[in-house]
Amino acid sequence: MARSAPVTPPESTTHTVPLPRRSPRPEPASPCRVPADPEARARHWYENDLGWATVPGGPLRLRTGVRFDVLDVPAEAGADALRHLAPGSPVSLWGDRMGLLVAAGSAEELPGLLDWLEWSAVGLDLRVLGAGDTLAAPLEPTAPIASAVPPARYDGAAGPVPDGSVPGGAVWLRPPGRGCEVEASLPALPAMGRERSAPDLVRLVATVAAQCHRVRLRRVCAGPPACRRGRPSALSRTTRDQPLAFS
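In this text the structure is predicted, and so the values were computed from the model without any measurement.

1. Quick word on the overall build of the protein
Link 1 in the chain: In terms of helices and strands, the protein carries 6 helices and 9 strands.
Link 2 in the chain: A separation threshold of at least 6 residues defines the contact pool for the protein, and within that pool the share at least 24 residues apart is 66%.

Structure representation (structure tokens):
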């Protein structure tokens, strides 16, 4: 009788239950990296925080005529005009010049405005930067403004007023607010749709023109001794043919 082969019991199948997966930890969102270079950081601030267009390359400059125009006046003349600006209206300084930011399109209105104010016949040290022009861009303010400008006198609500020129590059006397739309605070011609609290461009230009003329008269009177003794100097020859209006 033949032997039957031994029966091998089937191997028991072990079912391994996988451990529950752990949800991956979300990586903390890394903050926007701000460039370490001061000029690159300033460009990042203008373009990303304020939405202002800059000119490629260096030195850093801002395009005017897009979001704002600029009245370029002697700092001595612009100091008295600060009272006609809203608290949020930016003002820059470079050397002995002051830049008063005004509404975009003001550059086109300025010649007619000066003519209406009867200042068009007078040689004024008053320039305006509009479409196609550029402005020296101050670096992003990282310290109190008082430390960036020379000693100043305080003129009531007007704030600090520079007594002299600012050495070096451009700085903000009144910097634009972070993440704020400054257009509503810029001086402009009265128009429908603008807030009544917005500064009036007519008052600003009238004040700046008068102050520019006073500065010019002081410079003429403080000219070389030859000018004061009646002998024309180079300074007097350049100004004697221009009318001297008094206001």
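2. Thoughts on the nonpolar core
If you look at soluble globular proteins, the nonpolar side chains tend to sit buried side by side.
Link 1 in the chain: Core analysis: the largest hydrophobic core is formed by 30 residues, its most contacted members being Leu-71, Met-98, Leu-100, Leu-126, Leu-204 and Val-208.
Link 2 in the chain: When contributions to this core are tallied by element, the ones reaching two or more residues are strand S2 (68-74), helix H2 (75-78), strand S3 (91-95), strand S4 (97-103), helix H3 (106-116), strand S9 (166-174) and helix H4 (201-221).
Link 3 in the chain: Sequence-distant contacts of Leu-71, that is, excluding residues within four places in its chain, are made with Met-98, Gly-99, Leu-100, Val-102, Leu-110, Leu-126, Arg-127, Val-128, Leu-204 and Val-205.
Link 4 in the chain: Ranked by size, the runner-up nonpolar core spans 20 residues in total, among them Trp-45, Leu-50, Leu-101 and Val-182.

3. Section: the pairing of S4
Link 1 in the chain: When you tally the buried positions in S4, you get 7 out of 7 residues, the bulk of the element.
Link 2 in the chain: As paired elements, S2 and S4 share 7 bridges and run antiparallel to each other. In the strand pairing of S4, Asp-72 is matched with Gly-99.
Link 3 in the chain: The pairing of S3 with S4 spans 4 bridges and is classified as antiparallel. Bridge pairing in S4 places Leu-93 opposite Met-98.
Link 4 in the chain: Counting the residues between successive antiparallel strands, the hairpin from S3 to S4 contains 1 residue.

4. A word on the packing of aromatic side chains
Link 1 in the chain: In the structure shown here, the tally under the stated rule is 4 aromatic pairs.
Link 2 in the chain: Centre to centre, the rings of Trp-52 and Phe-68 are 4.7 Å apart; their planes meet at 55°, and the pair counts as tilted. Here Trp-52 is found in the loop between helix H1 (38-50) and strand S1 (61-63), whereas its partner Phe-68 is found in strand S2, with 16 residues between them in sequence. For the pair Trp-52 and Phe-68, a shared accessibility class is recorded, and that class is buried.
Link 3 in the chain: Taken together through their ring pairs, the aromatic side chains of Trp-45, Tyr-46, Trp-52, Phe-68 and Trp-172 make up a single cluster.

Cut-offs used in this document
Residues numbered from 1 in each chain as written. Predicted model: local features only at pLDDT ≥ 70, side-chain atom pairs only at ≥ 80, totals over all residues. Heavy atoms only, no water. Helix = DSSP H or I, 4+ residues; strand = E, 2+ residues; numbered from the N terminus. Contact = heavy atoms within 4.5 Å. Core = buried A, V, L, I, M, F, W, Y, C linked by side-chain atoms within 4.5 Å. Buried < 20%, exposed > 50% of the residue type's maximum accessible area, 1.4 Å probe, protein only. Pairing = 2+ DSSP bridges. Phe/Tyr/Trp six-rings, centres within 6.5 Å; stacked < 30°, edge-to-face > 60°.

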